[in-house]
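Listed here are the chains, written in short residue letters.
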Amino acid sequence: MIAFGKLLTELRRQRGLGLHQLSERSGLSIRAISYLEGGLREPLMLTVVDLAHGLDVEPGELLNPLMELPRE
């Protein structure tokens, strides 16, 4: 799910957060966030909620743009 990873990276950078900061704020490991950003892993719903909390956004902000993408 590369599109999710790109969106996650973009939101993190817009907020001026490094991987370490997002890790602390979300409770996820740096490795997990890195895998998600690189498209190596797909997030579970709970992970999306944790990331949204860490980014100070609603979970839908991480998911809604993905709903508009064409299905592969």
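Residues numbered from 1 in each chain as written. Predicted model: local features only at pLDDT ≥ 70, side-chain atom pairs only at ≥ 80, totals over all residues. Heavy atoms only, no water.

A word on helix α3 (residues 30-37)
Those residues of α3 that sit buried are I33, L36 and E37. End-on, the buried residues of α3 take up no more than an arc of 95 degrees, which puts them together on one face. Immediately beyond the C-terminal end of α3, within one or two residues, lies G39, with a positive phi of roughly 75 degrees. (Buried < 20%, exposed > 50% of the residue type's maximum accessible area, 1.4 Å probe, protein only. Helix = DSSP H or I, 4+ residues; strand = E, 2+ residues; numbered from the N terminus. Arc of directions from axis to C-beta.)

Points about unusual backbone geometry
For D56, which is not glycine, the phi dihedral falls at a positive 60 degrees. Mapped onto the elements, D56 comes out in the loop between α4 (45-55) and α5 (59-67).

Overview of the packing of helix α2 (residues 19-26) against α4
The relative placement of two packed helices comes down to the angle between their axes together with the axis-to-axis distance. Look at α2 against α4: their axes get within 8 Å of each other, and the N-to-C directions meet at 115 degrees. Between α2 and α4, the interaxial angle falls into the category roughly perpendicular. Read as a crossing pair, α2 and α4 show a hand that is right-handed. Here L22, R25 and S26 of α2 lie close against α4, whose contacting residues are D50, L51, H53, G54 and L55. Partitioned by chemical class, the residues of the contact of α2 with α4 number three nonpolar, three polar and two charged. (Axes fitted to C-alpha atoms, helices over the stretch in contact; angles between N-to-C directions. Parallel < 35°, antiparallel > 145°, perpendicular 65-115°, else oblique. Left-handed = near helix turned anticlockwise from the far one by under 90°. Contact = heavy atoms within 4.5 Å. Nonpolar A, V, L, I, M, F, W, Y, C, P; charged D, E, K, R; others polar.)

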